[in-house]
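Topology and contacts: notes
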Amino acid sequence: MSYDRYVAICNPLHYPSIMTWRVYIQLAIASWTSGILVSVVDGTFTLSLPYRGSNSIAHFFCEAPALLILASTNTHSSEMAIFLMGVVILLIPVSLILVSYGHIIVTVVKMKSAAGRLKAFSTCGSHLMVVILFYGSAIITYMTPKSSKEQEKLVSVFYAMVTPMLNPLIYSLRNKDVKELCGK
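Since we're looking at a predicted model, the values are computed, not measured.

Scanning the entire structure with this criterion turns up three aromatic pairs. Between F134 and Y135, the ring centres sit 5.4 Å apart and the planes meet at 80°, which makes this aromatic pair edge-to-face.

What follows is the structure, encoded as structure tokens:
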């Protein structure tokens, strides 16, 4: 979505020739492939560990970091695999998104029309807010050293439940009907 916004704002006259169905399909396939790769690697490293004793995790749902606590052996290689997959699925995409938004901001600031700047910022602002909420909390969960179990649970619920619940609300703020209702 950030690449689409980047092309629409930074290269508006070339948008139809750049954003073809082929590009959309390539972006979707890249997204699906990276998701599948991360799931297979995380699952393989997590499920290959020996587990003995309690099978109760102190978490809201079963995810790799919570399962590693139950392993009855050294989990360093699994932790490193999860960290590397976090780089693939979290840091690389968020870096690309932030770079594209950096280019967008530079382009928008150069616009002469205040209405054009406002439209561009309102279009991108909602997406950027969701990206920051989701990726920020996911990076805290998967890319930082272990913290308290309660903090891990809270951040995990935030990216898995709160952000998706806020998504429709954030995007509806751009809706004309909602703007008119709030203005009255």
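With that out of the way, let us pick up the UniProt feature "transmembrane region" (unreviewed entry) in the protein. The positions that UniProt labels "transmembrane region" (unreviewed entry) are, in the present scheme, residues 23–45, 81–108, 120–142 and 154–171. Between the first and last C-alpha atoms of residues 23–45 the distance is 33 Å; the span itself is 100% helix and 0% strand.

Moving on, we come to the packing of helix 1 (residues 2–10) against helix 5 (residues 76–110). What describes two packed helices is the angle between their axes and the distance between those same axes. Running from amino to carboxyl end, helix 1 crosses helix 5 at an angle of 20°, the nearest separation of the two axes being 9 Å. When the interaxial angle is binned, helix 1 and helix 5 end up roughly parallel. As helix 1 packs across helix 5, the resulting crossing turns out to be left-handed. Here helix 1 contributes S2, R5, Y6, I9 and C10 to the contact with helix 5, which in turn contributes I97, S100, Y101, H103, I104, T107 and V108. Classifying every residue of the contact of helix 1 with helix 5 gives seven nonpolar, four polar and one charged.

If you walk through the whole model with that rule in mind, you get one cavity of 30 Å³ or more. By volume, the largest cavity is sized at about 30 Å³. Along its surface, the largest cavity is lined by H59, E63, P65, A66, T141 and E152. Per-class residue counts for the lining of the largest cavity are two nonpolar, two polar and two charged.

What counts, and at which threshold
- Residue indices follow the written sequence of each chain, beginning from 1 at its first position.
- Whole-chain, interface and lining totals are the exception, using all residues; otherwise, since this is a predicted model, local features are given only for residues with pLDDT of at least 70 and side-chain atom pairs are given and counted only at 80 or more.
- The side-chain quantities take in all heavy atoms of the structure and omit both hydrogens and water.
- By convention, a stacked pair of Phe, Tyr or Trp rings (six-membered ring in the case of Trp) has centres within 6.5 Å and planes under 30 degrees apart, an edge-to-face pair has planes over 60 apart, and any other such pair is tilted.
- UniProt positions are given in the numbering used here, feature names are shortened, and annotations may be inferred rather than shown by experiment.
- A helix here means a DSSP run of H or I that spans at least four residues, while a strand means a run of E at least two residues long, and both kinds are numbered starting from the N terminus.
- For helices, the fitted axis covers only the stretch in contact; all axes are lines through C-alpha atoms, and the angles between them, taken along N-to-C directions, range from 0 to 180 degrees.
- Any angle between 65 and 115 degrees counts as roughly perpendicular, while under 35 counts as roughly parallel, over 145 as roughly antiparallel, and the rest as oblique.
- Each crossing is labelled by how the near helix is turned from the far one, with a counterclockwise turn of less than a right angle marking it left-handed and a clockwise turn marking it right-handed.
- We call two residues in contact when some of their heavy atoms are within 4.5 Å.
- Note on residue categories: nonpolar means Ala, Val, Leu, Ile, Met, Phe, Trp, Tyr, Cys or Pro, charged means Asp, Glu, Lys or Arg, and polar means any other residue, Gly included.
- Only protein atoms enter the 1 Å grid used here, on which a cavity is any set of points holding a 1.4 Å probe that cannot leave and a pocket is any open set flanked by protein within 12 Å on both sides along at least five of seven lines; residues with an atom within 4 Å of a point are listed as lining.
- Grid points are joined across faces, edges and corners, and a volume is the space filled by probe spheres set on the points.

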